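Coordinates in review
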Amino acid sequence: MTTYAMSPADAAWYHMDGPANLAIVTGVLLTKDPLDFDRVRAVYQERLLGFDRFRQRVVEAGFPLATPHWEDMAHFDIDQHLHHIALAAPYDQAALRALISDIASTPLDLTQPLWQVYVVDDVEGGSALIMRYHHCIADGTAMMTVIGKLFDTTPGAPLHPHGTTDAAPAGQPAGDGLLAPALDAIERAAHDAMAMASATVDIVTHPQQAIDQAKRVLGGAGMLLGELLKTSDPQSPLKGEFGLRKHVAWSRPVAIKDAKAIGAQHGAKVNDVLVAAMTGALRSYLKGRDVDVDHTTLRAMVPVDVRPPERAGELGNEFGLVLLDLAVASARPAQRLARTKAGMDALKHSPEPIATRVLFDILGRVPKALEDLSNELYGSKASLVMTNVAGPRELLYLAGVPIDRMFSWAPHPGKELGMAISILSYRGLATLTVIGDAHLVPDPETITDLFNREFETMRRALKADTAKAPARKRAPRHAPR
């Protein structure tokens, strides 16, 4: 059977599974009208299987050290991966949440290509589609390419590839992520550094280029060393013994235009506002779990895309990581927003994503046991994963049915991180999701509800300040005495 070498970064992600926390991404789309399973199957048969990775399984091969490889699956059967089920009564959001929690708690079959799709009937009169895939296949940016091939921008688009839309209309470039306004400088620096690292620099004819490359490499290594020397995040409800059981939740959608308006009042970006609202939700949640939030630290591990432009349409993993201190110790929303903005601004020129991306290449070439030690050391510095992906801006269709909502959950693999929070935008709305260990975080819906409450508090404050502004402007001036 033909095998293909897996990139070191993808191999690192394949080995990143912990005993209970697996590196599996879960995505959901909701439709108000029912999906026709046979038509959905035809779409996935025709379009998803155009990507080799979804017809290949992972095998360990090589001597003297076996490493992960892709292997074409003999007698591949799409019906091993597509499932048609119905939601249990009372057919509401709570029932859907319970179903997704059950599915998210189930490992994938390692003898098969690492993905599964469930078409769910009877979801409040419509349908849901749940897709799971292992992170070694693709990161969030790469999956926007898949979305661009699977879904249509018109209800009557033909099934065959020549009639599908290109990836560009469905997803946005990597730099359009919700965190991108604060992190775009990191990405530009990382792209430059990765391009330089992949090329041979002649120190005689290009001395300054060689010096700049050395500075970037040393800067990234120095910052990564500094992160590893930080004290670990303190014990909290997000740290402890993990089990396979997971619980999921998602927020009500919030308008990007509202986040933009809130940010404009404070000189902040959309991503600053959303992360500040998330931080406020975590402060309230931890306080409710008896954590001294005024005297604690809480760090999030945040992926930053470093994909070179020439690889924009490829699957795989092309990102580094940064550690972000969340402003949970700040009591007021305005304080949290200011601290969040300052923290994000401080990361703009960080070489840390470059260093961690190079680290993935190294770890993908070593035994899993050694990678686990590195992941535990780095992972201990944080308590959760926080991701964001800019999704489609326009209405999309699956098998002729309009997609009403779209959201996803990133994994929190390894042995140190008890929860992941993800933000995905679709049609000008952002949804925040939480997935956590069922024992440590039994009530993730509390966090998503608190996020909506926090965002509404910020929105109302903006509305009140806007109403006061004309009154202040009309106030009569007193004559000087």
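A brief look at the structure comes next. Since we're looking at a predicted model, the values are computed, not measured. (Residues numbered from 1 in each chain as written. Predicted model: local features only at pLDDT ≥ 70, side-chain atom pairs only at ≥ 80, totals over all residues. Heavy atoms only, no water.)

So, on to the sheet that holds strand S2 (residues 24-31). Read from one edge of the open sheet, 5 strands run S5-S6-S7-S2-S15, paired in mixed fashion. The open sheet has two edge strands with one neighbour each: strand S5 (82-86) and strand S15 (405-409). With strand direction ignored, the average angle separating the axes of adjacent strands in the sheet is 15°. Each of S5, strand S6 (115-123) and strand S7 (126-134) is contacted by helix H2 (residues 37-46), which is oriented at about 160° to S5, the strand it contacts most. (Pairing = 2+ DSSP bridges. Helix = DSSP H or I, 4+ residues; strand = E, 2+ residues; numbered from the N terminus. Axes fitted to C-alpha atoms, helices over the stretch in contact; angles between N-to-C directions. Contact = heavy atoms within 4.5 Å.)

Moving on to the pairing of S2. The buried count for S2 comes to 7 of 8 residues, which makes it a mostly enclosed element. Bridge analysis of S2 against S7 gives 8 bridges, and the strand direction is antiparallel. Bridging from a neighbouring strand, Val28 pairs with Ile130 of S7. (Buried < 20%, exposed > 50% of the residue type's maximum accessible area, 1.4 Å probe, protein only.)

Our next topic: helix H3 (residues 93-104). Taking 1.5 Å per residue as the helical rise, H3 with its 12 residues ought to reach 16 Å, and the 16 Å between its terminal C-alpha atoms agrees with that figure. Where H3 is concerned, the buried positions are Ala95, Leu96, Leu99, Ile100, Ser101, Ile103 and Ala104. A side-chain oxygen of the first residue of H3 lies 3.4 Å from the backbone nitrogen of Ala94; this N-cap is Asp92. (Expected span 1.5 Å × (residues − 1). Polar contact = N/O pair within 3.5 Å; in protein donor to acceptor, adjacent residues only side chain to side chain.)

Here we come to the packing of aromatic side chains. This model, assessed by the stated rule, comprises 7 aromatic pairs. Ring centres of Trp250 and Trp409 lie 5.9 Å apart, and the angle between their planes is 75°; this geometry places the pair in the edge-to-face category. Residue Trp250 is located in strand S8 (residues 246-250), and its partner Trp409 is located in strand S15; the two are separated by 159 residues in the primary sequence. Take Trp250 and Trp409: they sit in the same class, and that class is buried. Between Phe407 and Trp409 the ring centres are 5.6 Å apart and the planes differ by 85°, which places this aromatic pair in the edge-to-face class. (Phe/Tyr/Trp six-rings, centres within 6.5 Å; stacked < 30°, edge-to-face > 60°.)

For the rest of this paragraph, the subject is the environment of Ala399. For Ala399, the location among the structural elements is in the loop between strand S13 (397-398) and strand S14 (401-402). Sequence separation of Ala399 and Gly156 is 243 residues, and the distance between their C-alpha atoms is 8.5 Å.

With that settled, the discussion passes to the nonpolar core. Core analysis: the biggest nonpolar cluster contains 48 residues, and Leu274, Met278, Leu282, Leu326, Leu384 and Met419 have the highest contact counts within it. Among the elements that line this core, the one with the most residues is helix H9 (residues 270-288), at 11 residues. Residues within four places of Met278 in sequence aside, it is in contact with Leu326, Met386, Ile421, Leu432 and Phe451. In this structure, Val25, Leu48, Val119 and Leu396 belong to the second largest nonpolar core, which totals 47 residues. (Core = buried A, V, L, I, M, F, W, Y, C linked by side-chain atoms within 4.5 Å.)

Take the sheet that holds strand S4 (residues 67-72) next. Here we have 3 strands laid out as an open sheet, ordered S1-S4-S3, and antiparallel in their pairing. One side of each edge strand has no neighbouring strand; the edge strands of this open sheet are strand S1 (3-5) and strand S3 (56-61). Along the sheet, successive strands turn relative to each other by an average axial angle of 40°, direction set aside. Direction of pairing for S1 relative to S4: antiparallel, over a ladder of 3 bridges. Looking across to S4, one finds that Ala5 is bridged to His69.

That is the geometry; function is a separate question.
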